[in-house]
Amino acid sequence: MIRSMLYATDLGLYAPYVMQHALALARTFKADLYVIHVVEPIGLFAESVLQSYLDEKALSEWQTQGLTTVMATIEQRVLDSFREELEDGEQDLKLIRSVRVIQGDPCEVILDQLRKLSVDLLIVGSHSHATSAATPLGRTAARVLQLSTVPVYLVPSLQRRRSDDV
(Lines give C-alpha, C1' and ligand atoms only; values in the text may rest on other atoms or scores of the structure.)
Protein backbone atom coordinates (compact mmCIF):
# COMPACT_ATOMS: atom_id res chain seq x y z
CA MET A 1 0.00 0.00 0.00
CA ILE A 2 1.36 3.40 -0.95
CA ARG A 3 0.36 6.03 1.59
CA SER A 4 3.12 8.59 1.05
CA MET A 5 5.59 9.50 -1.66
CA LEU A 6 8.63 11.70 -2.07
CA TYR A 7 9.13 13.54 -5.35
CA ALA A 8 12.76 14.66 -5.69
CA THR A 9 12.95 17.41 -8.30
CA ASP A 10 15.95 19.09 -9.82
CA LEU A 11 13.76 21.84 -11.31
CA GLY A 12 15.29 20.95 -14.67
CA LEU A 13 13.82 20.89 -18.13
CA TYR A 14 11.69 17.79 -17.49
CA ALA A 15 10.53 18.67 -13.95
CA PRO A 16 6.94 19.61 -14.96
CA TYR A 17 6.60 16.28 -16.78
CA VAL A 18 7.88 14.31 -13.77
CA MET A 19 5.62 16.35 -11.48
CA GLN A 20 2.58 15.27 -13.53
CA HIS A 21 3.54 11.65 -12.88
CA ALA A 22 3.98 12.34 -9.17
CA LEU A 23 0.58 14.01 -8.91
CA ALA A 24 -1.14 11.27 -10.91
CA LEU A 25 0.30 8.65 -8.56
CA ALA A 26 -0.72 10.68 -5.51
CA ARG A 27 -4.28 10.95 -6.87
CA THR A 28 -4.43 7.25 -7.74
CA PHE A 29 -3.24 6.06 -4.35
CA LYS A 30 -4.77 8.96 -2.37
CA ALA A 31 -1.27 9.35 -0.96
CA ASP A 32 0.52 12.25 0.65
CA LEU A 33 3.12 13.82 -1.62
CA TYR A 34 6.29 15.41 -0.27
CA VAL A 35 8.46 17.44 -2.62
CA ILE A 36 12.15 18.10 -2.18
CA HIS A 37 14.70 20.06 -4.16
CA VAL A 38 18.35 19.76 -3.21
CA VAL A 39 20.76 22.65 -3.71
CA GLU A 40 24.37 21.60 -3.87
CA PRO A 41 26.70 23.47 -1.49
CA ILE A 42 28.52 26.49 -2.81
CA GLY A 43 31.82 25.56 -4.41
CA LEU A 44 35.27 26.56 -3.21
CA PHE A 45 35.72 28.99 -6.09
CA ALA A 46 32.47 30.82 -5.38
CA GLU A 47 33.29 30.90 -1.68
CA SER A 48 36.73 32.40 -2.35
CA VAL A 49 35.17 35.04 -4.62
CA LEU A 50 32.74 35.97 -1.84
CA GLN A 51 35.59 36.16 0.65
CA SER A 52 37.54 38.50 -1.61
CA TYR A 53 34.61 40.91 -2.06
CA LEU A 54 32.94 40.80 1.34
CA ASP A 55 34.39 41.70 4.70
CA GLU A 56 34.16 39.17 7.51
CA LYS A 57 30.94 40.61 8.94
CA ALA A 58 29.17 40.76 5.56
CA LEU A 59 30.32 37.23 4.71
CA SER A 60 29.04 35.91 8.03
CA GLU A 61 25.74 37.73 7.51
CA TRP A 62 25.39 36.26 4.01
CA GLN A 63 26.13 32.77 5.31
CA THR A 64 23.44 33.00 7.99
CA GLN A 65 20.72 35.16 6.48
CA GLY A 66 21.51 35.20 2.77
CA LEU A 67 21.49 31.45 2.36
CA THR A 68 18.22 31.17 4.27
CA THR A 69 16.71 33.83 2.02
CA VAL A 70 17.96 32.09 -1.11
CA MET A 71 16.53 28.74 0.03
CA ALA A 72 13.18 30.31 0.92
CA THR A 73 13.08 32.03 -2.48
CA ILE A 74 13.73 28.74 -4.27
CA GLU A 75 11.03 27.06 -2.19
CA GLN A 76 8.56 29.79 -3.14
CA ARG A 77 9.50 29.46 -6.82
CA VAL A 78 8.83 25.72 -6.67
CA LEU A 79 5.39 26.34 -5.16
CA ASP A 80 4.66 29.08 -7.71
CA SER A 81 5.66 26.80 -10.58
CA PHE A 82 3.31 24.10 -9.23
CA ARG A 83 0.46 26.60 -9.03
CA GLU A 84 1.19 27.84 -12.55
CA GLU A 85 1.47 24.30 -13.93
CA LEU A 86 -1.77 23.19 -12.28
CA GLU A 87 -3.82 26.37 -12.78
CA ASP A 88 -7.22 24.91 -11.86
CA GLY A 89 -5.81 21.96 -9.95
CA GLU A 90 -6.47 23.03 -6.37
CA GLN A 91 -7.25 19.42 -5.49
CA ASP A 92 -3.82 18.39 -6.76
CA LEU A 93 -2.13 21.09 -4.71
CA LYS A 94 -3.83 19.71 -1.60
CA LEU A 95 -2.05 16.39 -2.18
CA ILE A 96 1.30 18.13 -1.60
CA ARG A 97 2.07 17.99 2.12
CA SER A 98 5.30 19.98 1.97
CA VAL A 99 7.87 21.48 -0.36
CA ARG A 100 11.37 21.68 1.03
CA VAL A 101 14.62 23.02 -0.33
CA ILE A 102 17.66 21.58 1.40
CA GLN A 103 21.35 22.16 0.82
CA GLY A 104 23.66 19.18 0.46
CA ASP A 105 24.66 16.28 -1.75
CA PRO A 106 21.49 15.42 -3.71
CA CYS A 107 21.72 11.64 -3.27
CA GLU A 108 22.49 11.84 0.46
CA VAL A 109 19.72 14.36 1.13
CA ILE A 110 17.14 12.36 -0.83
CA LEU A 111 18.02 9.14 0.99
CA ASP A 112 17.95 10.97 4.33
CA GLN A 113 14.49 12.38 3.57
CA LEU A 114 13.25 8.90 2.62
CA ARG A 115 14.15 7.74 6.12
CA LYS A 116 12.87 10.83 7.95
CA LEU A 117 9.52 10.93 6.15
CA SER A 118 9.08 7.13 6.07
CA VAL A 119 7.63 7.30 2.56
CA ASP A 120 6.56 4.27 0.57
CA LEU A 121 7.71 5.42 -2.88
CA LEU A 122 10.35 7.73 -4.37
CA ILE A 123 9.68 9.53 -7.65
CA VAL A 124 12.59 10.89 -9.71
CA GLY A 125 13.33 11.82 -13.29
CA SER A 126 16.00 9.97 -15.24
CA HIS A 127 17.79 13.17 -16.30
CA SER A 128 17.69 16.87 -15.60
CA HIS A 129 18.47 17.84 -19.19
CA ALA A 130 18.78 16.38 -22.67
CA THR A 131 21.44 13.68 -22.88
CA SER A 132 22.64 11.24 -25.47
CA ALA A 133 21.32 7.72 -25.70
CA ALA A 134 24.70 6.56 -24.38
CA THR A 135 23.82 8.01 -20.95
CA PRO A 136 20.75 6.09 -19.77
CA LEU A 137 20.61 7.74 -16.31
CA GLY A 138 21.76 10.92 -14.68
CA ARG A 139 24.28 10.73 -11.82
CA THR A 140 21.80 11.33 -8.98
CA ALA A 141 19.12 9.03 -10.42
CA ALA A 142 21.65 6.21 -10.79
CA ARG A 143 22.94 6.60 -7.22
CA VAL A 144 19.46 6.82 -5.72
CA LEU A 145 18.33 3.72 -7.63
CA GLN A 146 21.26 1.77 -6.22
CA LEU A 147 20.87 2.92 -2.63
CA SER A 148 17.14 3.47 -2.07
CA THR A 149 15.40 1.38 0.57
CA VAL A 150 11.97 1.97 -1.01
CA PRO A 151 10.68 1.36 -4.54
CA VAL A 152 11.67 4.05 -7.04
CA TYR A 153 9.37 5.29 -9.78
CA LEU A 154 11.74 6.51 -12.49
CA VAL A 155 10.30 8.82 -15.15
CA PRO A 156 12.30 8.81 -18.40
CA SER A 157 13.03 12.14 -20.02
CA LEU A 158 10.72 13.07 -22.89
CA GLN A 159 13.61 13.03 -25.34
CA ARG A 160 14.53 9.52 -24.25
CA ARG A 161 10.94 8.32 -24.69
CA ARG A 162 10.76 9.77 -28.22
CA SER A 163 14.10 8.32 -29.22
CA ASP A 164 14.40 5.24 -31.39
CA ASP A 165 17.76 4.48 -29.72
CA VAL A 166 16.24 2.40 -26.93
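Everything numeric in this text was worked out from a predicted model, so none of it was measured. (Residues numbered from 1 in each chain as written. Predicted model: local features only at pLDDT ≥ 70, side-chain atom pairs only at ≥ 80, totals over all residues. Heavy atoms only, no water.)

Student: Any chance you could explain helix α1 (residues 15-29) here in plain terms?
Tutor: An α-helical turn contains 3.6 residues, so a residue and the one three or four places further along point in the same direction. Here α1 is 15 residues long and its end C-alpha atoms lie 21 Å apart, about the 21 Å a rise of 1.5 Å per residue gives. Of the positions making up α1, those classed as buried are Ala15, Tyr17, Val18, Met19, Ala22, Leu23, Leu25 and Ala26. After α1 finishes, the residue Lys30 shows a positive phi value of roughly 50°. (Helix = DSSP H or I, 4+ residues; strand = E, 2+ residues; numbered from the N terminus. Expected span 1.5 Å × (residues − 1). Buried < 20%, exposed > 50% of the residue type's maximum accessible area, 1.4 Å probe, protein only.)

Student: Sorry if this is basic, but what is going on with the environment of Ile96 here?
Tutor: Counting through the fold element by element, Ile96 comes out in strand β3 (residues 96-103). Sequence-wise, Ile96 and Ala26 are 70 residues apart; in three dimensions their C-alpha atoms are separated by 8.7 Å.

Student: Is there a simple way to explain the sheet that holds β3 in this structure?
Tutor: Either a parallel or an antiparallel arrangement is found when strands of a sheet pair, and the pairing is made through backbone hydrogen bonds. Taken in spatial order, the five strands line up as β3-β2-β1-β4-β5 in an open sheet, and their pairing is parallel. Each edge of the open sheet is held by one strand with a lone partner, namely β3 and β5 (152-155). When the angles between neighbouring strand axes are averaged without regard to direction, this sheet yields 20°. When strand β1 (residues 4-9) meets strand β2 (residues 32-39), the two strands line up parallel, connected through six bridges. Pairing of Leu6 across the sheet is with Tyr34, part of β2. The sheet contacts of α1 involve β1, β2, β3, β4 (121-125) and β5, and relative to β1 the element is tilted by about 180°. (Pairing = 2+ DSSP bridges. Axes fitted to C-alpha atoms, helices over the stretch in contact; angles between N-to-C directions. Contact = heavy atoms within 4.5 Å.)

Student: I would appreciate a short explanation of the side chain of Ser148 in the present structure.
Tutor: With respect to the element layout, Ser148 can be found in the loop between α6 (139-147) and β5. A relative accessible area of 18% means that Ser148 is categorised as buried. At 2.7 Å, the side chain of Ser148 and the backbone oxygen of Val150 are in polar contact. Residue contacts for Ser148: discarding those within four places in its chain leaves Leu111, Leu114 and Leu122. (Polar contact = N/O pair within 3.5 Å; in protein donor to acceptor, adjacent residues only side chain to side chain.)

Student: Teacher, can you tell me more about the pairing of β2 here?
Tutor: Looking down a regular strand, the side chains alternate between one sheet face and the other. In terms of burial, β2 is a largely internal element, six of the eight residues being buried. The sheet contact formed by β2 and β3 spans seven bridges and is parallel. Across the sheet, the residue bridging to Tyr34 is Ser98, located in β3.

Student: Teacher, can you tell me more about the packing of α1 against helix α3 (residues 56-86) here?
Tutor: In a packed pair of helices, the relevant descriptors are the angle between the two axes and the axis-to-axis distance. Between α1 and α3, the shortest axis-to-axis distance is 11 Å and the interhelical angle comes to 75°. Between α1 and α3, the crossing angle belongs to the class labelled roughly perpendicular. Taking contact as the criterion, the partners of Pro16, Met19, Gln20 and Leu23 in α1 are, on α3, Phe82, Glu85 and Leu86. Residue composition of the contact of α1 with α3, by class: five nonpolar, one polar and one charged. (Parallel < 35°, antiparallel > 145°, perpendicular 65-115°, else oblique. Nonpolar A, V, L, I, M, F, W, Y, C, P; charged D, E, K, R; others polar.)

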